[in-house]
Amino acid sequence: MLFAQITDLHVCLPGTLLAGRSDTAGFLDSAVARLNGLRPRPQFVLVTGDLVEGGSKAEYRHLRERLAPLQMPAFLRARQSRWPRGVPGELRGPRILGSRPVLRAIRGRTRRPAAAGARHPCPGKPSGALCAERLGWLTERLAEDRETPTVVAMHHPPIAVGMPLMDPSCLLDGAGRFRELIAAAPNVERIPAGHLHRPVTVRYAGTVLDVMPGVAHQVSYDPEGGAPLCLVFEPRMLQLHRLIPGAGLVSHKLYVDAFDGPYPFGGG
Ligand SMILES: [Fe+2]
């Protein structure tokens, strides 16, 4: 199985720039084109949150329009244990579990998620939370299969990662129980996440927490939190996940935009 991950789309109303600068819808267009151009083509795209900026129905309509050209299914924060099967002979898995009760195939029936991700940045309470129901669901899913390689996709990183301006908005409520669940499930290969708008990797509860940059703007690197939170147009990325025999789940990070090259090492 080969699948892609993108995150933090932050689609705004048509004709609107986020913070007056970030053409998030235009950025999504180019990400969709990049995904469509990949060979081999991913079987589906996992989108780990911050789909739209404000959460209005009009924004979700806009999101749907912009994702329409995508030539593969998109799952917007998955929650299910049954997942598209790979081709015969492929390694079993990975199972993909999500932290929010949302599974929406984008084609034809996109709806506003019942528990939309926190906006970022936003006033109020942007942190993540796992309620008892969701933790119970995750407990059951992890307990029913301790062997198949499993991916637990989420939006908010479940721990602070040394970004003083972002860490207060990571997963807070339910984080302790979540860590216990993951630690008890050695077949969790990866926790792909977003929210930080930066690439961050850290060992977490015996697995790997892998935070991806967004497909629109990023957040400036500020490990001291000495400046206001700023967006920055650093390279946008997507990720490809594939189970490889002998290696496990291998994740390749690709830039969305094109760069100069390629040129053969031999010259010419
Ligand atoms: Fe975001």
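Remember, it's a predicted structure, so these values are computed and weren't measured experimentally.

Some points on the environment of glutamine 218
Consideration 1: Mapped onto the elements, glutamine 218 comes out in strand 11 (residues 218-219).
Consideration 2: Considering only alpha carbons, one finds glutamine 218 and leucine 231, 13 residues apart in sequence, at a separation of 5.5 Å.
Consideration 3: Contact partners of glutamine 218, with chain neighbours within four places excluded, come to His197, Arg198, Pro213, Cys230, Leu231, Val232, Glu234, Pro235 and Arg236.
Consideration 4: Here the side chain of glutamine 218 touches glycine 214 through a polar contact of 2.9 Å, landing on its backbone oxygen.

Some points on the sheet that holds strand 2 (residues 45-47)
Consideration 1: With mixed pairing, five strands are arranged side by side in an open sheet as 3-2-1-13-14. On the outer flanks of this sheet lie strand 3 (74-76) and strand 14 (248-255), each paired with one strand and no other. Strand-to-strand twist across the sheet, computed as the mean angle between neighbouring axes with direction ignored, equals 25 degrees.
Consideration 2: By the bridge criterion, three bridges tie strand 2 to strand 3 in an arrangement that is parallel.

Some words on helix 1 (residues 24-37)
Consideration 1: Helix length check: helix 1, at 14 residues, gives a terminal C-alpha distance of 20 Å against a target of 20 Å (1.5 Å per residue), a fit within 8%.
Consideration 2: Buried-residue contacts for helix 1 involve strand 1 (2-6), strand 2, helix 2 (57-67) and strand 13 (237-244).

Quick look at unusual backbone geometry
Consideration 1: Residues arginine 39 and proline 40 are joined by a peptide bond in cis, for which omega reads -5 degrees.
Consideration 2: Note that proline 40 resides in the loop between helix 1 and strand 2.
Consideration 3: Between glycine 261 and the following residue, proline 262, the backbone shows a cis peptide bond with an omega angle of 10 degrees.
Consideration 4: Secondary-structure assignment places proline 262 in the segment after strand 14.
Consideration 5: With phi around 55 degrees, histidine 10 is a residue other than glycine that occupies positive phi space.

Comments concerning the coordination of the iron ion
Consideration 1: At this site the iron ion is bound by Asp8 (OD), His10 (NE2), Asp50 (OD) and His197 (NE2), with donor distances of 2.0 to 2.2 Å.
Consideration 2: The site at the iron ion holds four donor atoms, and with the angles between them running 89 to 176 degrees, its shape is irregular.
Consideration 3: Read in sequence order, the donor residues for the iron ion give the motif D-x1-H-x39-D-x146-H. One end of the pair, aspartate 50, is in the loop between strand 2 and helix 2; the other, histidine 197, is in the loop between strand 8 (188-193) and strand 9 (200-204), with 147 residues separating them in the sequence.
Consideration 4: Aspartate 50 sits in the buried class, given a relative accessible area of 1%.

Examining the nonpolar core
Consideration 1: Within the largest apolar cluster, 27 residues are counted, with the highest numbers of intra-cluster contacts made by Leu138, Leu142, Val152, Phe178, Ile182, Ile191 and Tyr204.
Consideration 2: For isoleucine 182, the residues in contact, after removing those within four places along its chain, are Leu142, Val152, Val188, Ile191, Tyr204, Ala205 and Thr207.
Consideration 3: Ala4, Ala31, Leu51 and Leu238 belong to the second-largest nonpolar core, a separate cluster that totals 25 residues.

A few points about the pairing of strand 6 (residues 150-153)
Consideration 1: Burial of the side chains of strand 6 extends over both faces: Thr150 and Val152 are buried on one face and Val151 and Ala153 on the other.
Consideration 2: Both strand 6 and strand 8 contribute to a ladder of two bridges, which runs parallel. Paired with valine 151 across the two strands is arginine 190, which belongs to strand 8.

Some details on the packing of aromatic side chains
Consideration 1: What the rule picks out here adds up to five aromatic pairs.
Consideration 2: Ring centres 5.1 Å apart and planes at 5 degrees place the aromatic pair phenylalanine 3 and phenylalanine 44 in the stacked group. Pair noted here: phenylalanine 3 is in strand 1 and phenylalanine 44 is in the loop between helix 1 and strand 2, with a separation of 41 residues, a long-range link.
Consideration 3: Between the aromatic rings of phenylalanine 27 and phenylalanine 233, the centroid separation amounts to 6.0 Å while the plane-to-plane angle is 40 degrees, which identifies the pairing as tilted. Taken together, the positions of phenylalanine 27 in helix 1 and phenylalanine 233 in the loop between strand 12 (231-232) and strand 13 put the pair 206 residues apart, joining distant regions of the chain.
Consideration 4: Grouped by ring-pair contacts, the aromatic residues Phe3, Phe44 and Phe75 constitute a single cluster.

Focus on the packing of helix 4 (residues 132-143) against helix 5 (residues 175-183)
Two quantities define a packed helix pair, namely the angle between the axes and the distance from one axis to the other.
Consideration 1: Interaxial distance between helix 4 and helix 5 falls to 10 Å at its minimum, and their mutual angle equals 5 degrees. Regarding the angle of helix 4 to helix 5, the classification is roughly parallel. On the side of helix 4, the interface is formed by Leu135, Leu138, Thr139 and Leu142, while helix 5 contributes Arg177, Phe178, Leu181 and Ile182.
Consideration 2: By residue class, the composition of the contact of helix 4 with helix 5 is six nonpolar, one polar and one charged.

Basis of the calculations
Residues numbered from 1 in each chain as written. Predicted model: local features only at pLDDT ≥ 70, side-chain atom pairs only at ≥ 80, totals over all residues. Heavy atoms only, no water. Helix = DSSP H or I, 4+ residues; strand = E, 2+ residues; numbered from the N terminus. Contact = heavy atoms within 4.5 Å. Polar contact = N/O pair within 3.5 Å; in protein donor to acceptor, adjacent residues only side chain to side chain. Pairing = 2+ DSSP bridges. Axes fitted to C-alpha atoms, helices over the stretch in contact; angles between N-to-C directions. Expected span 1.5 Å × (residues − 1). Donors = N, O, S within 2.8 Å, 3.2 Å for Na, K, Ca; no water. Tetrahedral: all angles 85-135°; square planar, octahedral: opposite > 155°, others 65-115°. Buried < 20%, exposed > 50% of the residue type's maximum accessible area, 1.4 Å probe, protein only. Core = buried A, V, L, I, M, F, W, Y, C linked by side-chain atoms within 4.5 Å. Phe/Tyr/Trp six-rings, centres within 6.5 Å; stacked < 30°, edge-to-face > 60°. Parallel < 35°, antiparallel > 145°, perpendicular 65-115°, else oblique. Nonpolar A, V, L, I, M, F, W, Y, C, P; charged D, E, K, R; others polar.

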